[in-house]
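Below are the chains, spelled out letter by letter.
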Amino acid sequence: MPVITIVSPCYQEEDNVERCYETVRCLFEEALPGYQREHIFADNASTDATVTILRGIAERDPAVKVIVNARNFGLFRSTFNALKYASGDAILLMLPVDLQDPPELIPEFVRLWEQGYQVVAGSRGDREEGAVMRAVRGLFYGIVNRLADFEIPENVGEFQLVDRRVLAAVLAHHDQYPYIRGIVAAVGFRRIIVPYRWAKRERGRSKLRLLSLMDQALNGIFAFSSAPMRAATLVGFTLSGLCILYALMIFAAYFISPVHVPRGTTTLLVAVLFLSGVQIAFTGMLGEYVTAIHAQVRRGPAVVEQERINIADEPTPLGQIEVTGLTEARKTSNARWPSR
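Let us look at the structure shown here. (Residues numbered from 1 in each chain as written. Predicted model: local features only at pLDDT ≥ 70, side-chain atom pairs only at ≥ 80, totals over all residues. Heavy atoms only, no water.)

## Overview of unusual backbone geometry
Within the chain, Ala45 stands out as a residue other than glycine whose phi angle is a positive 60°. Phi at Phe189 takes a positive value of approximately 75°, unusual for a residue other than glycine. Residue position: Phe189 is located in the loop between helix H7 (180-187) and strand E7 (191-198). (Helix = DSSP H or I, 4+ residues; strand = E, 2+ residues; numbered from the N terminus.)

Here it is as structure tokens:
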């Protein structure tokens, strides 16, 4: 039986993990009986009963695998690390346990994958959230797509079903802070987008605060584009030229009409403060790149695991997953579904 892997990150979700597990299990039994289920929960060191509940689920269901991190390493790092343990022929990159992304779309995703689409991406075209957040998200995608060398589809998150070959290409990236949706968009492959309604969270509170969302947005911008630094260089040269031009104009005006030349320090203070602000802003921008480079150079582990349940000692070596050729699982799938 072909295997479908689902990765569910969680943190302080004792009210949701059992419901998420049961929803996915029933979905496979009713709508995907010809597929084997593999459900990986990646816990970010929850301090409530989340881990205890997950241990109980994994004990009675070997299809459930659990990774418990040593501390909270963040949503993307935790999910990316869990993807290394995925053994499925197709992988749902992220199904958060709050089920705001509808799991009932998974059968449709699988059917489209069978038809030959290697990336089936869900698009949150309709969100049950405030107008301010919708506007901010739209602004973010507009900025990223203007700066990046490729298109990151608007409103597409990590709720995507990808082929094993796509996963191999994604895992070939060794980012210390992986922006997963950006990496998937960057590697290419045949893609189709399925719009859906992003539901409001029913239980518990979201752990993603405004600062976390800003951090993710900045990571998405700086990880896939050098345009901010190029803009800084252009603005720097432009301001330098304008300052030189202004100095020449003041110098000439002094000899033509000394009465009209500004006396005092107002002009000087405005120029100095303006240029200082620009320099500080671009120094901070440069610092973002230096920080990212520093994290990459240190080569420390993106995630430190405390415990693994129902999982082999080590993830599948990347070398066993061919990026340019077909895997054995892919060949088997092709034999079952000639259309693929």
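We are not done yet, so read on.
## Digging into the packing of helix H3 (residues 75-83) against H7
Direction vectors running N to C along H3 and H7 enclose 55°, while the axes themselves pass 10 Å from each other. One way to sum up the angle between H3 and H7 is to call them oblique. Each of Phe76, Thr79 and Phe80 in H3 lies in contact with H7, whose residues at this interface are Ile180, Arg181 and Ile183. (Axes fitted to C-alpha atoms, helices over the stretch in contact; angles between N-to-C directions. Parallel < 35°, antiparallel > 145°, perpendicular 65-115°, else oblique. Contact = heavy atoms within 4.5 Å.)

## Re the environment of Arg111
The topology assignment puts Arg111 in helix H4 (residues 106-114). Separated by 79 residues in sequence, Arg111 and Leu32 have C-alpha atoms that sit 9.9 Å apart.

## A word on the packing of helix H1 (residues 17-31) against helix H2 (residues 50-60)
Running from amino to carboxyl end, H1 crosses H2 at an angle of 30°, the nearest separation of the two axes being 9 Å. In terms of orientation, H1 and H2 fall into the roughly parallel class. Between H1 and H2, the residues in contact are Val17, Glu18, Tyr21 and Glu22 and Thr50, Ile53, Leu54, Ile57 and Arg60, respectively.

## Quick notes on the pattern of salt bridges
Evaluated as defined, the whole model comprises 8 salt bridges. In this structure, the salt-bridge partner of Glu18 is Arg60, at a minimum N-O distance of 2.6 Å. Taken together, the positions of Glu18 in helix H1 and Arg60 in helix H2 put the pair 42 residues apart, joining distant regions of the chain. Owing to a relative accessible area of 29%, Glu18 belongs among the partly exposed residues under this scheme. Note that Arg55 is salt-bridged to Glu307, the shortest N-O span being 2.7 Å. With Arg55 in helix H2 and Glu307 in strand E8 (residues 305-309), this pair connects stretches of sequence that are 252 residues apart. Residue Arg55 is classed as partly exposed on the basis of its relative accessible area of 36%. Connected through shared salt-bridge partners, Glu22, Arg25 and Glu29 make up one network. (Salt bridge = Lys/Arg side-chain N within 4 Å of Asp/Glu carboxyl O. Buried < 20%, exposed > 50% of the residue type's maximum accessible area, 1.4 Å probe, protein only.)

## Looking at H3
The element H3 is extensively covered by neighbouring structure, given that 7 of its 9 residues are classed as buried. For H3, the complete set of buried residues consists of Phe76, Ser78, Thr79, Phe80, Asn81, Ala82 and Leu83.

## A few points about the packing of aromatic side chains
Two numbers describe a pair of aromatic rings. These are the distance of the centres and the angle of the planes. One pass over the full model with this rule turns up 3 aromatic pairs. Ring geometry for Phe76 against Tyr179: centres 5.7 Å apart, planes inclined by 80°, an arrangement best described as edge-to-face. Linking Phe76 in helix H3 with Tyr179 in the loop between helix H6 (164-171) and H7, this pair joins segments that are 103 residues apart in sequence. A ring pair is formed by Phe109 and Phe159, whose centres lie 5.2 Å apart and whose planes are at 45°; its orientation type is tilted. With a gap of 50 residues between them, Phe109 in helix H4 and Phe159 in strand E6 (residues 156-163) connect regions that are remote in the sequence. Residue Phe109 shares its accessibility class with Phe159, and that shared class is buried. (Phe/Tyr/Trp six-rings, centres within 6.5 Å; stacked < 30°, edge-to-face > 60°.)

## Focus on the pairing of strand E3 (residues 64-69)
When you tally the buried positions in E3, you get 6 out of 6 residues, the bulk of the element. Side chains of E3 alternate between two faces, with Val64, Val66 and Val68 and Lys65, Ile67 and Asn69 buried alike. Where strand E2 (residues 36-43) meets E3, 5 bridges bridge the pair, whose relative direction is parallel. Of the residues in E3, the one forming a bridge with His39 is Val64. Read from E2 through H2 to E3, the crossover connection turns out right-handed. The sheet contact formed by E3 and E8 spans 4 bridges and is antiparallel. The partner of Asn69 across the bridge, within E8, is Glu305. (Pairing = 2+ DSSP bridges. Right-handed = clockwise from strand over helix to strand, strands pointing away.)

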